[in-house]
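# Observations on the three-dimensional arrangement
What follows is the residue order along each chain.
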Amino acid sequence: MHKEKFIEKVLFLLALSSITSLALITVFIFMEGLPLVLHTGLRNFILSSHWAPTRGYFGILAMIISSVLVTLGAMILGVPLGLACAIVLAEFSPPRLTFILKPTLELLAGIPSVVYGFLGVIWLVPLIRVYLGGPGLSLLAASLILGIMVLPTIISISIDALVAVPDMYRQGSIALGATQWQTVQRVVLPAAHSGIITAIILGMGRAIGETMAVIMVAGNALKIPTSILDPVRTLTSNIALELGYATGLHREALFATGIVLFIIIMILNLSATLLTRRR
Amino acid sequence: MRLNPNISQFVMKSLLWLMTGFTIFILIFIIINVSVKGLPQVTPAFLLEEPHDMGRAGGIFSTIVATAYITLVAILLATPLGVGTAIYLTEYTREGRVTRMIRFGAECLAGVPSIILGLFGFVLFVLKLGLGWCVLSGGLTLAIMVLPIIIRTSEEAIKAVPQEYRQVCFSLGLSQWQTVTRVVLPSALPGITTGVMLSVGRSLGETAVLLFTAGAGLRLPTSLFDSGRTMAVHFYILAREGISMPNAYGTAAILMISILIINLTAYSLMQRFLRRHT
């Protein structure tokens with residue numbers, strides 16, 4: 001009896017590991033970054049785009065805007081493509097084909113982000129440079145690569161949402177004379193909408209947090225982009241590019257950049273969780 | 001004017017199939033491109049020789065060892081934590097506030113981007129605990145990264161074990177813990193293995209975390225406190241600094257193909273396991 005109680009306590013402690021890690025991450029990122037935000041002032045930090053850390057300017061507005069634009073761009077490609085795959089796999093494709101296609105598409109998740117970035121540099125960037133102009137390394141290149149990278153997230157969560165719609169709905173609709181597409185469009189998609197929105201939100205989180213691929217294809221220039229062919233530097237690439245050599249206030253500024261990113265991600269995660277719970 | 005439903009169905013179905021085909025085309029393009037350019041570089045010498053001249057010449061032996069070493073540390077740390085969490089959630093409590101909180105923590109942790117984990121590992125393990133850029137710092141940070149994967153898959157696997165198994169155990173007078181260790185865990189083992197394999201796959205491809213926790217030292221790591229450059233980090237440095245394209249492709253090919261094989265095996269293992277129990 002005594003042993004059982006002890007085991008239960010140990011297991012409970014193990015179960016706290018993920019929450020503890022999350023708490024530690026939050027505490028350390030804020031502890032390292034917050035002093036700088038207080039030092040420069042929130043306004044000069046997030047509403048200025050003057051980033052010259054060695055001279056004491058720590059404005060990250062350009063990076064916030066770039067991160068948001070790159071993420072939106074990724075969604076323009078990733079959402080239709082991902083939803084199309086999910087609808088085909090969950091509704092149209094014969095079971096035997098789905099059995100092959102689903103694990104095949106999941107392989108996209110296994111390709112390392114550095115490989116995506118590398119192929120972006122080799123294939124996509126020259127195409128953009130030659131046919132659309134500009135340096136090639138650009139907001140557009142980053143959006144396209146991220147649009148592909150978010151596919152596994154969007155596809156797998158949307159499929160789960162579509163499969164969870166009861167078959168009776170489909171049968172009822174078909175029995176009323178609707179075509180299969182009408183059924184998908186008017187019955188299945190509306191019934192699965194909260195799951196699909198969750199998929200999109202988590203895909204956004206994935207895109208805004210991606211680092212290595214973006215560093216390789218986005219060009220990393222420090223300004224607010226005026227065209228999709230402009231090179232951009234996102235919040236994530238700013239951290240990764242400079243952490244290697246930053247010291248003192250400069251390093252704190254990178255952690256402060258991390259705080260902004262962390263808050264954005266947590267808001268996205270929280271809304272996804274709330275959506276799922278309501279269902 | 002309303003379009004004929006049969007025509008619009010035909011148009012939409014074709015469009016959606018076309019988009020799915022395009023996605024599969026991208027995947028195949030990536031795999032073939034990297035394999036065709038990379039596999040010719042992969043010779044026994046490439047795998048077993050140390051890199052020379054920053055990776056311009058020689059092989060990638062030390063990066064393979066570093067990758068294996070760091071991944072092993074991460075898995076050894078994360079597996080007991082993750083499986084323990086899953087056992088607690090499924091066998092020892094009822095659904096309630098506590099389980100919801102734990103699951104929420106795991107979900108949020110899964111959403112934390114790798115660069116944030118890199119920052120965290122850098123400040124806590126490398127700087128505050130004074131471990132420096134090393135295999136241990138990298139492994140510890142990676143363990144946190146893969147923890148949610150192990151929790152989720154183990155939980156799914158343990159839940160798939162039929163309730164009758166447990167009832168039989170209790171009726172024979174076994175304690176809760178005996179039931180878990182002698183019956184539930186052995187039956188859930190294929191599912192748990194899937195989680196561990198997916199974690200290995202995720203660790204192999206990770207770059208941002210390791211760049212700032214394990215460093216980029218090219219020497220063969222011999223202890224937990226040596227810096228180690230993993231294959232993914234090596235590939236990133238070779239490609240980004242234009243050191244050697246053939247060696248970059250070779251590294252990428254080995255990396256990608258091993259991850260794909262691991263993920264496919266994990267997937268089929270889980271499918272077979274779930275089919276047996278449902």
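Scoring rules and cut-offs
- Residues numbered from 1 in each chain as written.
- Chains lettered and ligands numbered in written order.
- Predicted model: local features only at pLDDT ≥ 70, side-chain atom pairs only at ≥ 80, totals over all residues.
- Helix = DSSP H or I, 4+ residues; strand = E, 2+ residues; numbered from the N terminus.
- Buried ≥ 20, exposed ≤ 12 C-beta atoms within 10 Å, placed from the backbone.
- Contact = placed C-beta atoms within 7 Å.
- Nonpolar A, V, L, I, M, F, W, Y, C, P; charged D, E, K, R; others polar.
- Core = buried A, V, L, I, M, F, W, Y, C linked by C-beta atoms within 7 Å.
- pLDDT = per-residue confidence, 0-100.
- Axes fitted to C-alpha atoms, helices over the stretch in contact; angles between N-to-C directions.
- Parallel < 35°, antiparallel > 145°, perpendicular 65-115°, else oblique.
- Left-handed = near helix turned anticlockwise from the far one by under 90°.
- Expected span 1.5 Å × (residues − 1).
- Bend = angle between axes of the 7 residues up to and from the residue.

All right, on to the overall build of chain B then. Along its length, chain B carries eleven helices and two strands. Ordered by position in the sequence, the α and β elements of chain B form the string α-α-β-β-α-α-α-α-α-α-α-α-α. In terms of its C-alpha atoms, chain B occupies a principal-axis envelope of roughly 70 × 65 × 35 Å. Across the 278 residues of chain B, 49% fall into the buried class. Sequence-distant contacts, at least 24 apart, represent 75% of the contacts inside chain B between residues at least 6 apart.

Looking now at the interface of chain A and chain B. Contacts between the two partners involve 60 residues from chain A, matched on the other side by 69 residues from chain B. In terms of residue count, the dominant contributor to the side of chain A that touches chain B is helix H2 (residues 17–40) of chain A (nine residues). Split by residue class, the side of chain A that touches chain B holds 40 nonpolar, 16 polar and four charged.

Moving on: the nonpolar core. Residues and elements named next belong to chain A. Among the nonpolar cores identified, the biggest contains 176 residues, and Ala141, Ile145 and Val217 are the most heavily contacted of them. Here this core gets 16 residues from one element, more than from any other, and that element is helix H4 (residues 61–92). Not counting residues within four places of it along the chain, the set of residues in contact with isoleucine 145 comprises Tyr116, Gly117, Gly120, Leu124, Ala213 and Val217.

In this section: unusual backbone geometry. In this structure, A:Asn220 is a non-glycine residue whose phi angle is positive, near 60 degrees. One can find A:Asn220 in the loop between helix H12 (212–217) and helix H13 (235–242). Phi at B:Met54 takes a positive value of approximately 65 degrees, unusual for a residue other than glycine. Mapped onto the elements of the fold, B:Met54 is located in the loop between strand E1 (51–52) and strand E2 (57–58). With 13 C-beta atoms packed within 10 Å, B:Met54 lands in the partly exposed category.

Attention now moves to the confidence of the model for chain B. Scored by pLDDT, chain B has a mean of 92; 99% of the residues are at 70 or more. Among the prediction metrics, the complex's ipTM stands at 0.92, with pTM recorded as 0.93.

With that settled, consider the packing of helix H6 (residues 113–131) of chain A against helix H7 (residues 139–149) of chain A. Residues and elements named next belong to chain A. Where H6 contacts H7, the two axes come as close as 10 Å, and the packing angle between them is 135 degrees. When the axes of H6 and H7 are compared, the pair comes out oblique. Crossing angle aside, the handedness with which H6 passes H7 is right-handed. Contacts between H6 and H7 pair Ser113, Tyr116, Gly117, Gly120, Leu124, Val125 and Ile128 from the former with Leu140, Ala141, Leu144, Ile145, Ile148 and Met149 from the latter. For the contact of H6 with H7, a count of residues per class yields ten nonpolar, three polar and no charged.

With that out of the way, let us pick up the environment of A:Asp167. Positionally, A:Asp167 belongs in helix H9 (residues 167–175). In this structure, the C-alpha to C-alpha distance between A:Asp167 and A:Val188, residues 21 residues apart in sequence, is 9.4 Å.

Attention now goes to H2(A). Residue and element names in this part refer to chain A. Between its first and last C-alpha atoms H2 spans 35 Å; for 24 residues at 1.5 Å apiece the expected length is 34 Å, and the two agree. Where H2 bends most, at glycine 33, the angle is about 35 degrees, and the proline proline 35 comes one to four residues later. Just downstream of H2, glycine 41 is the residue with a positive phi angle, here 90 degrees.

Here the focus is the packing of helix H7 (residues 163–171) of chain B against helix H8 (residues 176–205) of chain B. Residues and elements named next belong to chain B. Their axes nearest at 10 Å, the elements H7 and H8 cross at an angle of 160 degrees. Compared by their axis directions, H7 and H8 come out roughly antiparallel. In this structure, the crossing between H7 and H8 has a hand that is right-handed. On the side of H7, the interface is formed by Tyr165, Arg166, Cys169 and Phe170, while H8 contributes Thr179, Val183, Val184 and Ser187. Class assignment of the residues belonging to the contact of H7 with H8 gives a composition of five nonpolar, two polar and one charged.

With that settled, the discussion passes to the environment of B:Leu220. Residues and elements named next belong to chain B. Looking at the secondary structure, you find leucine 220 in the loop between helix H9 (208–213) and helix H10 (231–240). Taking the C-alpha atoms as reference, leucine 220 lies 39 Å from isoleucine 158; in sequence the two are 62 residues apart. When near neighbours in sequence (up to four residues on either side) are disregarded, leucine 220 contacts Glu50, Ser62 and Val65.

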